[in-house]
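Below, each chain spelled out in residue letters.
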Amino acid sequence: MGDLYDVAIVGAGPAGATCAWYLAQHDIEVLLLEKAKFPRDKFCGDAVIPRAQRHLQRMGVLQQLIDAGECLFTTSGGFVSPTGIECLSDSAENPSGTPMSVKRIIMDERIARAAQSVGAELVEEAAVDKVVFDERAGRWAVRSGSRRFEARVLVLADGAQSKLARSLGIVQDGPQAICSRAFVDGGTHDFETDGICYMERDLLPGYAAIFRHPNDELNYCAYIIPGGKAVPSDLKAIHYGLLENNPILRRHLGSGYQIEPMRGAWLRLGGIPKSYGDSLLIVGDAAGHIDPLTGEGIQFAMEGAERAAETLVEAFRVGRFDERFLSAYQDACHREFAHKFPLARKASELMARYPELVDSMARVANERDDEFFFAWADIMMGEAPWSHFLKPKLALPLAAASIRELVTQRLLPLGQRVLPGRA
Ligand SMILES: Cc1cc2nc3c(=O)[nH]c(=O)nc-3n(C[C@H](O)[C@H](O)[C@H](O)COP(=O)(O)OP(=O)(O)OC[C@H]3O[C@@H](n4cnc5c(N)ncnc54)[C@H](O)[C@@H]3O)c2cc1C
């Protein structure tokens, strides 16, 4: 017999540790099992948007990061469009906030320690290799090597590969997207802003991004997102190819910068059909809670974790752990963020098909005031609904610019090709 907990959570990334923190607030006995030992790295772009910052604030982690100088608010930067239009702005004044950069090796440990400090039992170096539900006893047996734990409810937060959920048959396929990461040494580059996304034509809907850390190191990464020409096996070629050949990226980095070798990791995008079962919930990347347009998932890992904790608190109150009751978790995630995933997927396909739309966005943003840029940024960060794209202030100039770009980039060159032939 192992120790018996109310909830066993597998994986102490942002999803698992945040879920543990919320559950422990309600005197639920939580076991948080992590295969690594903190501090542990996680390959990531390190961009943490305001929706995630709010959870960090509640946990006291945001203040710790600020006090220790471990995060940097991204107040300058923007994006570079496929034809090379640089749309850079100062976003310090955006009332909705700005993303911040923080190394995952720092942030993830701070979240896990916050969960521990409110009563969750964190066991590091505990790689869970098997989970079995005993229907008669209504308990999970969770095995990590020779150690065995028991819990009333199991929460799987083991990341994009969802190995345990796949072993249970609840998740069937592998993750679809991939992203690289490499740090550039501080003091060796010429990067002047805090963060820029490079929307390269052949990479769309994926993109490359650079975010500055407070110690002047840069996080460079390249996302390959389904819907365009690039496929996961292209990752290395794209990662190094952009550094080599993208003239704007080269100019921003300067010559002589020192960059570490590329690492990469998978992303599971856009949700999974079912993220619950009897006495079981799946959260974070394991549940595919990553935006199919941006590849960002820390905010949904934390929001989904809070929804999971709420569902479980109610489950313990009424004593119901059947999958019908726990399906409330998936419904809550759908209401809060997952309903946007299909639209985000469509938007990413549209962007890959018509890169001119991204050029038009850059042109309009450069012509307009900060308010326009903030309105666009708020939609991208999930601070404002997608329907705000239909507001005349955004929709009219964007529609006009898109038509102009499509005509200039697609129709005029066609005419030029036809006319000499006619002559
Ligand atoms: C290269 C890259 C760049 C990205 N950039 C961004 C970005 O800039 N901003 C953003 O918001 N999102 C980004 N993402 C997505 C983001 O990293 C994830 O959405 C986020 O980490 C999800 O948190 P999680 O807790 O679900 O999973 P993870 O952070 O992967 O944590 C899972 C944890 O489970 C542990 N674990 C796994 N298996 C077991 C096991 N069997 N037993 C015990 N423990 C186990 C792991 O060690 C890990 O600690 C990026 C992803 C990649 C790959």
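Thresholds applied
- Along every chain, residues carry numbers that run from 1 in the direction the sequence is written.
- Restriction of local features to residues with pLDDT of at least 70 applies here, the model being predicted, together with a cutoff of 80 or more for giving and counting side-chain atom pairs; totals for whole chains, interfaces and linings are based on all residues.
- Neither water nor hydrogens contribute to the side-chain values; these are computed over all heavy atoms in the structure.
- Stacked, tilted and edge-to-face are the three classes applied to pairs of Phe, Tyr and Trp rings, where Trp contributes its six-membered ring and a pair requires centres within 6.5 Å; stacked means planes under 30 degrees apart, edge-to-face means over 60, and tilted covers the rest.
- For each residue, the accessible area found with a 1.4 Å probe, counting protein chains only, is set against the maximum for its type, and the residue is called buried under 20%, exposed over 50%, and partly exposed in between.
- Here the term patch refers to residues with relative accessible area over 30% and no salt bridge, with like charges joined within 9 Å and nonpolar side chains (Val, Leu, Ile, Met, Phe, Trp, Tyr) within 5 Å.
- Note on areas: these come from Shrake-Rupley sampling with a 1.4 Å probe, and a residue is covered only by the protein chains present in the view.
- Salt bridges are defined as contacts in which a side-chain nitrogen from Lys or Arg sits within 4 Å of a carboxyl oxygen from Asp or Glu.
- The charge count treats Lys and Arg as positive and Asp and Glu as negative. His and the chain ends do not count.
- Charge coordinates come from a single atom per side chain, which is NZ of Lys, CZ of Arg, CG of Asp or CD of Glu.
- Numbering of helices and strands runs from the N terminus; a helix is a DSSP stretch of H or I covering at least four residues, while a strand is a stretch of E covering at least two.
- Working definition: residue near molecule or strand if any one of its non-hydrogen atoms lies within 4 Å of it.
- Nitrogen and oxygen atoms within 3.5 Å of one another constitute a polar contact, given that in protein one can donate a hydrogen and the other can accept it, and given that sequence-neighbouring residues count only through two side-chain atoms.
- Lys, Arg, Asp and Glu make up the charged group, whereas Ala, Val, Leu, Ile, Met, Phe, Trp, Tyr, Cys and Pro make up the nonpolar group; the residues left over, Gly among them, are polar.
- For the domain bounds, the source is a domain assignment made automatically or taken from a database.
- Strands are treated as partners if at least two bridges between them are detected by DSSP.
- Between N-to-C directions, angles span 0 to 180 degrees; the directions come from axes that are lines fitted to C-alpha atoms, helices contributing only their stretch in contact.
- Residues count as neighbours in contact if any of their non-hydrogen atoms are within 4.5 Å of one another.

Student: Explanation requested: the packing of aromatic side chains in the structure shown.
Tutor: In this description, a pair of aromatic rings is defined by centroid distance and the angle of the planes. This structure, assessed with the given rule, holds 10 aromatic pairs. Summarising the aromatic geometry, the rings of Phe-133 and Trp-140 are spaced 5.0 Å apart at their centres and angled 40° between planes, so their arrangement reads as tilted. In this structure Trp-140 comes out as buried when scored by relative accessible area, which is 4%. Where Phe-373 meets Trp-376, the ring centres are 5.7 Å apart and the plane angle is 50°; that geometry is what we call tilted.

Student: What am I meant to see in a negative patch on the surface here?
Tutor: A cluster of acidic side chains, namely Asp-90, Glu-93, Asp-370 and Glu-371, defines a negative patch on the protein surface. Take Glu-371: it is sitting in helix 12 (residues 370-380). Since its relative accessible area comes to 52%, Glu-371 is described here as exposed.

Student: What should I look at first to understand the site of the ligand in this one?
Tutor: Not every one of the 37 residues close to the ligand is listed here, only the nearest: Glu-34, Gly-45, Ala-47, Tyr-223 and Asp-285. Arg-104 is positioned with one of its side-chain polar atoms (N or O) 2.9 Å from an oxygen atom of the ligand. A total of 1,000 Å² of accessible area belongs to the ligand in isolation, and the protein chains cover 94% of it. Secondary-structure elements contributing two or more residues to the shell around the ligand are helix 1 (14-24), strand 12 (177-184), strand 16 (263-267) and helix 8 (298-318). Of the residues assigned to the shell around the ligand, the class counts are 19 nonpolar, 9 polar and 9 charged. Counting contributing residues, the shell around the ligand receives three or more from each of domain 1 (3-46 + 103-174 + 269-341) and domain 2 (177-267).

Student: Hey, could you run me through the sheet that holds strand 15 (residues 218-224) in this one?
Tutor: By definition, the strands of a sheet pair up through backbone hydrogen bonds, in either a parallel or an antiparallel sense. Taking strand neighbours across the sheet as the criterion, the 7 strands line up as 6-5-13-14-15-12-16 in an open arrangement whose pairing is mixed. The open sheet terminates on both sides in strands that have one partner only, identified here as strand 6 (86-90) and strand 16. Strand-to-strand twist across the sheet, computed as the mean angle between neighbouring axes with direction ignored, equals 15°. In the sheet, strand 12 pairs with strand 15 via 5 bridges, with the strands oriented antiparallel. Within the sheet, the bridge partner assigned to Val-184 lies in strand 15 and is Leu-218. Here helix 11 (residues 356-367) sits on the sheet in contact with strand 5 (76-80) and strand 6, set at roughly 45° to strand 6. Sitting on the sheet, helix 12 touches strand 5 and strand 6, and the angle it makes with strand 6 is about 100°.

Student: Looking at this structure, how should I read a nonpolar patch on the surface?
Tutor: A surface patch of nonpolar side chains, amounting to about 450 Å² of accessible area, comprises Ile-403, Val-407, Leu-411, Leu-412 and Leu-414. When you line up the elements, Leu-412 lands in helix 13 (residues 392-422). Residue classification places Leu-412 among the partly exposed residues on the basis of a relative accessible area of 48%.

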